[in-house]
Each structure stands twice: as C-alpha cells, then as structure tokens.
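Observations on chain architecture
If you want the building blocks of each chain, they are given just below.
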Number of protein chains: 2
Amino acid sequence: MVKHWASGLSAGLILGVSTWMAPAQAEVDLDVVNEIRHEGLHHSQVMDTLDYLTDVIGPRLTGSPGMNKANEWTREQLESWGLENARLHGFDFGQGWSFDHSHAWLASPRKAPLIIYPRAWTPGTDGPVQGPAKRVKLEDESDLEKYAGKLEGKILLLDEPREIEKQERSPFHRHDDDSLENMERFPIPGEAGPDWRQRRVQMHHFREKRNAFLAEEGVLATVHISSRDYGIVRTGAGAAHDADAEAGVPAVQMASEHYNLLARLLQRDKAVEIGLDVKARFHDDDLQAYNTLAEIPGRGRNPEIVMAGAHLDSWHPGTGATDNAAGVAVVMEAVRILQAIGVQPRRTIRVGLWSGEEQGLLGSRAYVDDYIATRPEHEDEEQLALPARLRDATWPIEPLRGHDRHVAYFNFDNGSGRIRGIHAQENVAAMPIFENWLEPFHDLGATTVSSRNTGSTDHVAFDAVGIPGFQFIQDRLDYFAHTHHSHLDTRDHVERDDLIQSAVVLASFLYHAAMRDESLPRKPMPREPED
Amino acid sequence: MVKHWASGLSAGLILGVSTWMAPAQAEVDLDVVNEIRHEGLHHSQVMDTLDYLTDVIGPRLTGSPGMNKANEWTREQLESWGLENARLHGFDFGQGWSFDHSHAWLASPRKAPLIIYPRAWTPGTDGPVQGPAKRVKLEDESDLEKYAGKLEGKILLLDEPREIEKQERSPFHRHDDDSLENMERFPIPGEAGPDWRQRRVQMHHFREKRNAFLAEEGVLATVHISSRDYGIVRTGAGAAHDADAEAGVPAVQMASEHYNLLARLLQRDKAVEIGLDVKARFHDDDLQAYNTLAEIPGRGRNPEIVMAGAHLDSWHPGTGATDNAAGVAVVMEAVRILQAIGVQPRRTIRVGLWSGEEQGLLGSRAYVDDYIATRPEHEDEEQLALPARLRDATWPIEPLRGHDRHVAYFNFDNGSGRIRGIHAQENVAAMPIFENWLEPFHDLGATTVSSRNTGSTDHVAFDAVGIPGFQFIQDRLDYFAHTHHSHLDTRDHVERDDLIQSAVVLASFLYHAAMRDESLPRKPMPREPED
C-alpha cells in the first residue's frame, strides 16, 4: 500500500542536512495522504471512540474504576484494530477516588438548591449533613491557630466571593490569519520567574496541615467557589492522592452564583445553614496507575519509535470529553487509519494513552523514566520526604537505550479544536519538515509552524529529556471558557468535524515521521539551569 | 423644590397641539432633572432593594410564600419612603406552588449527578424515587392511546435531544449606533399570523389531558430538556395554576448536556435508570394573587394618574433578579428619588408592582379591568369553560371612570440593561415629547425614540385598552442568552450602573408626565380586528 516513498527528496535531505530550502512536498507521499484522507474523512470512527469513552465509561480520574475501565477498553480496542503489544504500563501513583452523586441545599434563611461537585480525594459525607455556614480565611498557619477550637460542626466557606466575569467577547474562539501569524513570532525568553516548584511544595505542605486541622477540629465540610461563572463548576483535587495523604473533610466546589449568595447572606449577618450529601469513596486496592500502550511495529529488530499520545485520565465533574477523550479519540483514530490502509512503517508507531496527566504528567513521566532517560537519585532527606512528583529535578539526564530510539512524540491535548499547525518547541531544524508535512492539509486549515514552546501537557515529559516532543496548535473553541476541568466537559461540547480533521493530520505526521530516512532533528540536550 | 415649571413652553404646546417642531427641552425642567440626577446617581438605594428581593426573599412565583413576602415587603418599603395609599390589590389567580430543593442522579449504567429544576405547579416526589428511563413522544392524543398501560413506574424523557448551540458571538449585548438607528425604522405590519390564542387553548387542553394520563398510568416522573445550553436550566410551568388543574406527575427540566446524555445512552440500548428527589408543594389557602400599589398623590380631588410598573412575580429556579426584581428596584427607586427631592406633582404618580405577569400579564390586566376598562361578558359556554386568561377578547372596550384619568404608564421589564430610549408603541404624537424628555439623559446613553411596538410585558395591558403604555428600550445584556427564566437569574447577573441610570431616567419621565399641562396624546381607541 505504501508507494513512492523517498521519491523526490531534495539533495539536502538525502545528505541528512536540514535546510530551510527544502522544496515543497519533498517529504510527503501524496498517494499515502490520499489513502489517509479517504479513510479518515469518509470512514471515520473517531466519534465512536469518543462516545464510548465519555457517555458509557464516563469520568476517568486517575486510579478510579472509570479509569481502569478506560485502560482496559482502549487496550482491547487497539488490539481489535490489529495493533500489537497492546498493554498496560503501571507506575506508582497512590489511591484512587470516585463519586456517585453529590448535592447541596440552602436550609436557612430560605430554602433553595445549591449546585456543587466534590473536590477529588476528599471524603464523602456518609449521608446528608447540615450545619451553619461560616466564612473564614485559612490561608496560613496563623489562621489555623486563630480558629483552633472554634469550627466544630461548621461548614466553612474558604474563598472570597468574586464578581461575575462578563462574557463581552464570544467564548468560542477559532484562529484567524492574524492570530496564526502572531504564532509565528517567537518571544525572547524572560528572566527566570519565581520558583514555582518551591511554591508548590509549600502549598502541598500547607494543604496537608490544613486538611489535618479541619478533620481534628470536627469541621463538617468546606465549600470553595468555582473558578468559572455562569453556573459552571470547575474543580480539581481537595487533597493529595498519596496513600498517606491527609484527606481532610468533605470539600465541595460550588457554582459561583450560589457561593456569592451564601457570602452575601453571611455579610448581612444572616444565620446561614446549608446541607450537603456527597457519596464518594477511596480505592486503595491497587496503588498503581496505568498507561495504555500499543503499536504498529516497525521493520527489523529494535526499530526506532515514533509516538503519538494523549492523556486518558480526566477530572470527575464532567466526562473528560474535551480534556482529553478528544485527544485519545484522535490518537486512536490516527493509528486505526494507518492500520486500515495497511501501512508497514519503517519505524514503530506507538500510542501512549497516559494516566495521571492531571496530577502532573505522571504517566508520561513514568514512561520516560522507564524507557527513555533517568535522573540521579536524590540524597537530600528533605527531598526524599516529598512525594516524587514534587522533588527538584536532578542532573544530569542519564539516557537509557530508548533515548536514541525515540525519534518523535506528538501530543494532542488542547480541547477538541482542529489542528491549525504545530508548535516546533524551539526545534527550528524540524520546522521545514513540518512545513512540508502540513502542505497537503492547508485546505483543512492546518497551515502554521510556530517555533514557540507550549507546555502543560505530556509532550513536556519527552521534551524535558531531549526527545523531540510536540503539541499541535489547535483551535481553542470554548475550551477555557466552558469545558476545561468543568462539569460541562461532556460529549456535547466536542466538535466532530475537528476531531475528524485532527486524526487525519496526525495520521499523516505519524506516517511520515515513521518513514523518513533520517530521524527527526533534535535540539541540544537540556542541561542544568544556571542559578 | 419644583422650580420653573412650564417655563419656555413652545406656543404649539401651550395650544395643546403636538408638533414635531417642539424646541429642544421645551418640556424639561432642568433644575428638577439636576435634583433627580443628584439623588439618583449619588445616593442610590436601587441595589439595596434589588438585594433584598433576590438574596433575602428569593424567588417569587405568583401565589407562593415568596411572592407574598415580596408583596408585604414592597408595600412596607414604599410606605416607609412616604408614599401614600400603599396597598395590595387582589385578583383571582388559583393555587400557589413552591419548592425547597430538587436533585437527580444517573443510577445506571453508571453513576453521576444530573442537574435539574422542577417545573412549577407539578407535584414533588414525596422522597427519593428511582426508575427506568424511557424516551417517548406524547404530543397528541394518539400518542396517549399508543402508550396506555405501558408506562407504569417509568421516568419519561419527553423531548427530542438537541444539539448544543455554539456561542460564536458574545452572549452579552449592548446597543450601538447602528442597532439604535435600526430601532428608528418602523416595519409595516404583516398580515395577521396564525391564531396563537386558539393554539394556546389547544395546548392548555392537551396538557390537562396528558397530565391526567400520566397520573392515571402511574408514571413516576417526566423529564424535559432545558431550552438553554451550557448547563443553564431554563424552565416554567408543567401544569396550570387553576385550583382544579391536572397537576400530573413530578416534572423536571434538565440541563441539556445531561438530558442529551440520557437520550444517547437509551439510543445505545442501554438500560438507563435515574433517580429524582423533588421537595415541592401547593398552596391553596388563598386563591388570590396580589399587586402592590402605592402613590405620590397629585393635587386636588381626583387628579389624573401617571404610572410606572414592573412585575414582582418571577419564575422559581433563580431569584428572578433580571426578570424582574431589576424592574421593581428601578420603579421603586424612581419614586423614592421623587419622594426624596420632595416633588408635589400635579398628577398622582402611582406605582404598580404586578403579580401573575409570567402567567399572562394577569396582575396588570386585573388592575386595568378594575380601574380602567372592562369588556363585555362572554356568553358562549365553550369560552366560559376556559380559565378567564384563555378566553377570546370581547368587544367593544367599555371605559370606566379611570380611563380618562390614567394619562400614561411606563414599564420596565427587559432585564437589567440600562434605558437607551423608549418604544413609542406607534403613538407618534408622543414621540417629540419623549425626545424632549430624553435630552438631559443623552450623556447616560438614553437617546432613542422608536415608533415601534414591543410586547410581552405589562404595558400591553394598558395599551390594549387605549391608555398610553410604554416599555423602555433597554440594553439586552445577556438576558436572553443566560438569565431569562433560568437558574442563573440571580443577583450576580444584574448590572448596578444600569439600574442606577434607569431609575434616574424613569424618575424624570414620571415627573414630567405628572407635570405637563396637557395629558399625553393618545392613539385611536383599539377596535375589534377585521376577520
């Protein structure tokens, strides 16, 4: 099925020299692109995958039964399409958590429902509870001292009320020529900012202390304001997932309109009483989490590997549709297309459906640790006392055998918006190659190669150890306005056409990365930052 | 406090002849406008009124305890500001209804919360209930026959699932020069459309039948899709409020994302089980509803009357903040301002805070019936069998003594957006007067006099019997996108600055309408439409 490979390569590429002068389509096999487009645009199964993950399986919090089901289902599905070596890759995580139902009500001074979702890894209420609401600030240790002995039986409102943000622009965003052109300009990196890792460690320690305090004081529950307005409940974790973490007391995130109401009633000196019922539980039968891996094997023994990945885990209030069943469906569909058209790639095409992304890229980092590169062990006791994910990076990077073999990693995790191009992640030597690869998809809106870095998802785990790791430029749609980590992250907010387009572009990228003579250019190996 | 009244009137106005040539400000007392602006812009109490109505009293469904509280509180408040004759004006309505709390959950094939609000005037569940969901169409009598004996114990999904509407434009809208200029063009009335009154009667009859059927069949509950997306639950009544109405079974409106999920799971042939818990009740101790009325009396015996009004009743899922506590707060603030600056108007300035607007302008119509004009009694038995609100209009209009005395009625009920002008409701003789009255508020954005009609709220009750009744042109904001009849119709979605501006403009309109020599020009008396 694969035809004309390597026809028309420029002299520069044959010599293995990256060049800005590569003639258009030098690297693209248009016959294969025809096959990919035909299979992907006219016989797509991407929405079947998405529907099953979101509607049937539902939310997939790392370590939860939903995530376990998703691991198993994706493994079976990939296997059923003929991928090989479909397997689960386990790594140490901690306990799982899941919830069935939660609801809340204003009981006094009047009665009304209040929209809430629980914060992950906090306990359920063990049936309905009701108590007086109290607004307190518990943001440092002096606050804890101040309130010791005064909070028993109370439901605490821990956040400031907040003015609703007016949606004076459309919440639904697609790139236009201007915004894409803007992506082509590279901003000079600023001075190193404040040490966010240290801040995160501090926050972790204080959360542990506060959770222990809340439980000891007999606080009934805590209430937090959603970080979105218009009734959208956006939430995350209320406690760490480590097996020995302080889970605290039931903690819920409330629609900002309802939270603000409670805060205003309290400000009026009204006695406010609220009720809560949260059915949630921990799962500690298995402290590992799992990535789903599968591949279309390359030729010969120990072929090089090109990868596509997306995280399979999600938050719990919606069904993780745009974050990131969309990405999983696109990645799975890309390899389904390649399998359907019968590619026999030179390099292995491997799929990684990560777990623990939402807790800090844990699944992709575990994969990198196990297969690509390690780092020296910590010896500092303070560091060793921290959960591994919060420890400082150590240097130098110690490549494993897989370091040479992993040629490229492509990630999809910015909502369900279509691919408009790719972030080259400062790998300027890869840019002309990507320009070529995008050429047959200009008519589908994929046009732009940006030298910029983008972060916050699993390609970072690869990029951090010197493997070419990329995330596509996607249309944002209403990802940040509505769905990201919210109860609206559901099937209805996914754009079918965009997923179909994205799977086709990704399939072609994977194919061409797997087939080109040279492996992909690399950036200089990352080194320890100067202080 | 009132100075320079009638200074600078044009000859044309002194002769009582309306004219397009009236010189600017001929009808405006700028000294009084100074006082109104100073009191209203710098010492506003409009938000105190709004806060109390929404946060403390909460929703105010006609006939509910909340509405009764609001009637009493507004009466007391108006009295405390020195208005006279503050009273409740009762009219026949039917039973009240209120709810404390409602929640729902998906029980199978997986567990998740479902966001719902009950439909008004349908029964509660008397504790949690759970049952199999079934999607059925019950839209005419043949559907009822088809399903007889087959629905016991089921929870019925009665609507088609619906694709989510993308918010590709800002949901927050303010008028600009173009849209205001557009309001100045009058569209020629079209042919009479289909007979909506007949359609409404048919719908009423079918709803009664369907509700009786659902109860007889032992249906557990019905579920309806919200007419808004993005988790916004917009709802109304699920049954009539007449004392002898068929209440049916518990009926709930569900967030469209959750409804669509259930519909998709059922389409997959999944056995879907859902649970509901709705705490709701009827109130039939008093079958009347009440308008709150109060006034600043005019001079002499039987002075003429100018009125401002807004409806005090609301729907139940939010707190009726933009629909229409905003209007009530503006109207109350307008008369508070006039009282505070010590006006002694020539005409009585009366406030009408209506009930039953959401059920068909019932409160304002009852006021008009009792004080302004009646219509001949029906003799047709079929008509008499209908609730009065659904009967055909009869002719001719029979003016009462109040018909001459009611000079003008100004309504505020299009959300919390500021006044940008006024709909003259085809009363072109009033237009130059309104142009004059708006002049000192151009700097606050109130500029436009439109000859157009606007409908759907209480000025229609006055206009329908030939009393000059007007609704202001307001900025729409996100009234239709987010808050109208939805659970988001809460305090946070009200624009403070807009209410302050609106109260000032309305106060000035009331003052000038109360003081001008002539009463306001009238349109020809409405007459029976040709068939």
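Residues numbered from 1 in each chain as written. Chains lettered and ligands numbered in written order. Predicted model: local features only at pLDDT ≥ 70, side-chain atom pairs only at ≥ 80, totals over all residues. Heavy atoms only, no water.

This part takes up helix H4 (residues 65–80) of chain B. All names here are of chain B. Look at H4: 22 Å from first C-alpha to last across 16 residues, which is about the 22 Å you get at 1.5 Å a residue. Among the residues of H4, Gly66, Met67, Ala70, Asn71, Trp73, Thr74, Arg75 and Leu78 are the ones counted as buried. Within two residues after H4, Gly82 carries a phi angle of roughly 95°, on the positive side. (Helix = DSSP H or I, 4+ residues; strand = E, 2+ residues; numbered from the N terminus. Expected span 1.5 Å × (residues − 1). Buried < 20%, exposed > 50% of the residue type's maximum accessible area, 1.4 Å probe, protein only.)

Our next topic: the sheet that holds strand S5 (residues 129–135) of chain A. Residue and element names in this part refer to chain A. Spatially, the eight strands line up as an open sheet ordered S3-S2-S9-S5-S6-S7-S8-S4, and their pairing is mixed. Where the open sheet ends on each side, the last strands, each with one partner, are strand S3 (112–114) and strand S4 (116–118). Across this sheet, the average inter-strand angle for adjacent strands is 30°, counted without regard to direction. Across three bridges, S5 lies against strand S6 (residues 155–157) in parallel orientation. In the sheet register, Ala133 faces S6, and the bridge partner there is Ile155. Along the sheet, helix H8 (residues 256–267) makes contact with strand S2 (96–108), S3, S5, S6, strand S7 (221–225), strand S8 (251–254) and strand S9 (273–283), crossing S7 at roughly 115°. (Pairing = 2+ DSSP bridges. Axes fitted to C-alpha atoms, helices over the stretch in contact; angles between N-to-C directions. Contact = heavy atoms within 4.5 Å.)

To continue, consider the UniProt feature "domain: Peptidase M28" (unreviewed entry) in chain A. As recorded in UniProt, the feature "domain: Peptidase M28" (unreviewed entry) lies at residues 291–507 of chain A. Strand forms 20% of residues 291–507 of chain A and helix 31%; the C-alpha atoms that close the span are 21 Å apart. (UniProt positions renumbered as here; feature names shortened; annotations may be inferred.)

Should their charged atoms come close, side chains of opposite charge can pair. Tallied over the full model, the rule gives 56 salt bridges over all chains. Taking the shortest distance from any N to any O, the salt bridge between Asp100 of chain B and Arg281 of chain B comes out at 2.7 Å. Here Arg281 of chain B lies in strand S9 (residues 273–283) and Asp100 of chain B lies in strand S2 (residues 96–108), a separation of 181 residues in the sequence. Two residues, Asp463 of chain B and Lys523 of chain B, come together in a salt bridge whose shortest N-O distance is 2.8 Å. In this pair, Asp463 of chain B is assigned in helix H14 (residues 459–463) and Lys523 of chain B in the segment after helix H16 (496–515), connecting sequence segments 60 residues apart. Here the residues in one salt-bridge network are Arg174, Arg418, Arg420, Asp475 and Asp498 of chain A, joined through shared partners. (Salt bridge = Lys/Arg side-chain N within 4 Å of Asp/Glu carboxyl O.)

Residues and elements named next belong to chain B. Burial runs high along S2: 12 of the 13 residues are buried. For S2 and S9, the ladder comprises 11 bridges, and the chain directions are antiparallel. Paired with Phe99 across the strands is Ala280, a residue of S9. Relative to strand S3 (residues 112–114), S2 is paired through three bridges, and the arrangement is antiparallel. Across the sheet, residue Ala104 finds its bridge partner in S3, namely Leu114. Connecting S2 to the antiparallel partner S3 that follows it, the hairpin turn spans three residues.

Right, let's get into the relation of the copies chain A and chain B. Superposing chain A onto chain B requires a rotation of 180° together with a translation of 0.0 Å along the rotation axis, leaving an RMSD of 0.0 Å. Considering both components of the superposition, the chain copies are consistent with a two-fold axis. When each C-alpha of chain A is compared by its distance to the rotation axis, Ser170 of chain A comes out closest, at 1.9 Å. A share of 100% of interface residues in chain A that are also interface residues in chain B marks the association as one of identical surfaces. (Least-squares fit on C-alpha atoms with pLDDT ≥ 70 in both.)

A few words on unusual backbone geometry. Here the residue pair Asp323 of chain A and Asn324 of chain A is connected by a cis peptide bond, since its omega of 10° sits within 30 degrees of zero. Positionally, Asn324 of chain A belongs in helix H9 (residues 321–340). Cis geometry marks the peptide bond from Ser108 of chain B to Pro109 of chain B, where omega comes out at 15°. Look at Asn302 of chain A: it is not a glycine, yet its phi comes out positive at around 50°. Phi at His485 of chain B is positive, roughly 65°, even though this residue is not glycine. Counting through the fold element by element, His485 of chain B comes out in the loop between helix H15 (479–483) and H16. Overall, the relative accessible area of 15% leaves His485 of chain B in the buried class.

This part takes up the interface of chain A and chain B. Across the contact, 51 residues belong to chain A and 51 residues belong to chain B. Interface area, chain A with chain B, both sides summed: about 4100 Å², of which 56% is carbon and sulfur. Our enumeration of links across chain A and chain B arrives at six salt bridges. The shortest N-O distance in the salt bridge between Lys166 of chain B and Glu495 of chain A comes to 2.9 Å. Summed over the shared surface of chain A and chain B, the number is 25 residue pairs in polar contact (both at pLDDT 80 or more). When grouped by side-chain class, the residues that make up the side of chain A that touches chain B number 18 nonpolar, 16 polar and 17 charged. (Buried area = accessible area lost by both parts, 1.4 Å probe. Polar contact = N/O pair within 3.5 Å; in protein donor to acceptor, adjacent residues only side chain to side chain. Nonpolar A, V, L, I, M, F, W, Y, C, P; charged D, E, K, R; others polar.)

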